[in-house]
Amino acid sequence: MVVEEPSANSGENVEKSDSNTAVAEPVKIFTIEILHMIKDAQQQHGLRHGDYQRYRGYCTRRIRRLRKALKYPQGDKRHFKRRDVTLSQLTGKKADERFIHIPLISSERAWAYAMQLKQEANTEPRKRFHLIKKLRRACFYALQLQELCNTEAFDARTKLECEAYVAWMHGTLHFELQLWKTAGEHLKRAQVVYENLAQALPDDEQELYRAKVNEFTPNLRYCAYNISGGASGGNIDEILELRAQGVLENLDVLVSQTKTESSEGLQTIDWRGRKVTVRPEKVRLFLLSAQELDKSLAKTAKLDGKIELIERILMDCKDAIQAVRDEIKQDPKLRSLTTGQTVSGVQYLLAYLSYIRHSRTLQRNLCLVEQAKLNFEDPNQQKQEQTQTQAEGKRVRSQDLARLYEIILQNVTEMQQIGGMEEDTKYQNEVANLALTFKAFRCYYIALTLVDMKKWKEAVALYERASNYANEALKGKCCEEFQMQPDLKKMVSTIDGSKFSAHAYSVLEDENGDDAKSTKSQKTTKPLYERLSQYKEDQSLHTRAPNVFKLTPDMEPIPCKPLFFDLAMNYLEMPSLEDKLESPGKKGASITGFVKGFLGWGGNK
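An unreviewed UniProt entry annotates the chain as Signal recognition particle subunit SRP68 of Drosophila busckii. Looking at the Function (unreviewed entry) heading of the UniProt record, one finds this comment for the chain: "Component of the signal recognition particle (SRP) complex, a ribonucleoprotein complex that mediates the cotranslational targeting of secretory and membrane proteins to the endoplasmic reticulum (ER). The SRP complex interacts with the signal sequence in nascent secretory and membrane proteins and directs them to the membrane of the ER."

The following block contains the structure:
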């Protein structure tokens, strides 16, 4: 028996080992769509409106719920004991996909806190240190996520998404640390991974990944710009376009720092044959930006982008003008300018800046006019030309364009009144010719407004005036910055046909008015028997109730019957009737008296 017992135990061990090998299950493979998960959570919990604090609170509550549901707390109520997710929670019988959500949501929470601090760092710069710390924490959790996803428990798609997510998080950290080279490498790696994922997925899932790829483009361009050392040329134009799109918040400071080196050579300006020294630093930086603006406008295809670029330059121009005015206030000799006195250099610089401001404002208003014409239907142009250029949006009326040209004319008037340019005859002639040009356009669109109101005679008069203004403007010398001759010639050719068309409509309206009056006079309510001597076409005679004779005649007024009053009655004397009246003493005895006397009673004694 002693010998048999160990054999029995050994047999039992063999049976247990066989049962364990038989019960062993294959490893579960999980699929985590990381980008879909975080995008849905961000859109539903605050990031649609840029509320990072709300999203951070959601991430905190989500982690608490996950640890409670998975029974994986970090210590008890009194003591904290850190417990990170390990591979043992993702393999075996009790493997749960939700364990991988804990490092992912922890990384999102730290990233959301960093973005919240980035918004607050605009007013409190010290918070940038806290921002960097939170981004490092987000990268730590992202690396923890990648370590878990690189195991056999996850498929290839999850590994690729995790790799792209980690690269994007590290790129964001290095971007804030201004490590442009490594930031560009990480962002480019994330972009390539997402592009490959978009190509491998079905068409209905590609949109989200392609949108994420497009998000990396501005940051990559900015990293390339800083890596090149801010070299002048095409890079500065791309940065100006990024500022117009509102991508970079601190771009104004960075661009001004980049241009400071180039502004040292910009000591004088040459305008209309006169050189002026530029002293204020703000004016130098602004003039350098103004020189680069035309290149940026040439590269920007959309009108909204052009308008945004011009408006930002106008804000810089306002600061430059204020700097020159402050310098003029400090010198009492420059405060007043008498007639005939030579314009000083500082005042001429102020005039030049004022001209830039008004000319750029005029350029912006012309962009607004061009934008409005995309949604305007000109009745004098062919429909084919309109359908090619018509854009989606609210329909623009002719009076709206006339109002825009009225604003442009006010701007041109301000250009004529620039201080120090009143005696420049050539400049005044160019601006006056520009005013005639815009007056012609204004009259043309007012005429179109009158055409819509069917006031043909007034429209013809305004067409004629617009043609006169246009012909006069074509004879004069045009401004070099605003070449409007092709548009004027096109408008003159359009007016020639529109004027005769409006005149024909006015004549046709007069004839139709006379016919309407004649037909109106034929309609009458008199019956036929009263107008037998007049011939009029009356359609009512052919109906069932013709107006031939009025059976019930109308009532006619007649004189009333006279009343006779007896006025002589008061003067007549009536005859006396006393003799015909009986006296009370001679009244006859009645039968009762006779009876009383006969019976002997009732009489007088």
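We are not done yet, so read on.
Trainee: Help me out: how do you make sense of empty space enclosed by the protein in this one?
Mentor: Once rolled over the atoms, a probe with the size of a water molecule shows which space is left empty. All chains considered together, the criterion is met by two cavities of 30 Å³ or more. In this structure, the largest cavity encloses a volume near 50 Å³. Every residue along the wall of the largest cavity is listed here: E430, N433, L434, T437, A473, L474, C478, C479, F482, M484, Q485 and L488. Going through the elements one at a time, α16 (425-452), α17 (456-475) and α18 (485-522) are the ones with two or more residues in the lining of the largest cavity. Sort the elements by how many residues they give to the lining of the largest cavity and α16 lands first, with four residues.

Trainee: Got a minute to help me understand a nonpolar patch on the surface in this structure?
Mentor: A surface patch of nonpolar side chains, amounting to about 560 Å² of accessible area, comprises Y529, L532, V548, F549 and L551. By the element assignment, L532 lies in the loop between α18 and α19 (591-599). Judged by its relative accessible area of 65%, L532 is exposed.

Trainee: Teacher, can you tell me more about the pairing of strand β2 (residues 274-277) here?
Mentor: Regular strands place their side chains on alternate faces of the sheet. Sheet topology note: the strand β1 (residues 268-271)/β2 ladder contains four bridges and is antiparallel. In the strand pairing of β2, W271 is matched with R274. Taking the residues between adjacent antiparallel strands as the criterion, β1 and β2 are bridged by two residues, where R272 takes a positive phi near 55 degrees.

Trainee: Before we go on, may I ask you to explain the packing of aromatic side chains in this structure?
Mentor: Going through the model one piece at a time under the given rule, you end up with 22 aromatic pairs. With a centroid separation of 5.5 Å and an interplanar angle of 85 degrees, the aromatic rings of W180 and Y222 are classed as edge-to-face. Taken together, the residues W180 in helix α7 (residues 180-200) and Y222 in helix α8 (residues 206-227) connect sequence positions 42 residues apart. The burial state of W180 is the same as that of Y222; both residues are buried. Taken together through their ring pairs, the aromatic side chains of F376, Y405, F438, F441, Y444, Y445 and Y463 make up a single cluster. One cation-aromatic arrangement involves R83 over Y72; the distance from NZ or CZ to the ring centre is 4.1 Å. The ring of W168 carries the charged tip of K212 above its face, separated from the ring centre by 4.2 Å.

Calculation notes
- Residues numbered from 1 in each chain as written.
- Predicted model: local features only at pLDDT ≥ 70, side-chain atom pairs only at ≥ 80, totals over all residues.
- Heavy atoms only, no water.
- UniProt positions renumbered as here; feature names shortened; annotations may be inferred.
- 1 Å grid on protein atoms, 1.4 Å probe; cavity = no way out; pocket = protein on both sides within 12 Å on 5 of 7 lines; lining within 4 Å.
- Points joined across faces, edges and corners; volume = space filled by probe spheres on them.
- Helix = DSSP H or I, 4+ residues; strand = E, 2+ residues; numbered from the N terminus.
- Patch = residues over 30% accessible without salt bridge, like charges linked within 9 Å, V, L, I, M, F, W, Y side chains within 5 Å.
- Areas by Shrake-Rupley, 256 points an atom, 1.4 Å probe, with all protein chains shown as cover.
- Salt bridge = Lys/Arg side-chain N within 4 Å of Asp/Glu carboxyl O.
- Buried < 20%, exposed > 50% of the residue type's maximum accessible area, 1.4 Å probe, protein only.
- Pairing = 2+ DSSP bridges.
- Phe/Tyr/Trp six-rings, centres within 6.5 Å; stacked < 30°, edge-to-face > 60°.
- Lys NZ or Arg CZ within 6 Å of the ring centre and 35° of its normal.

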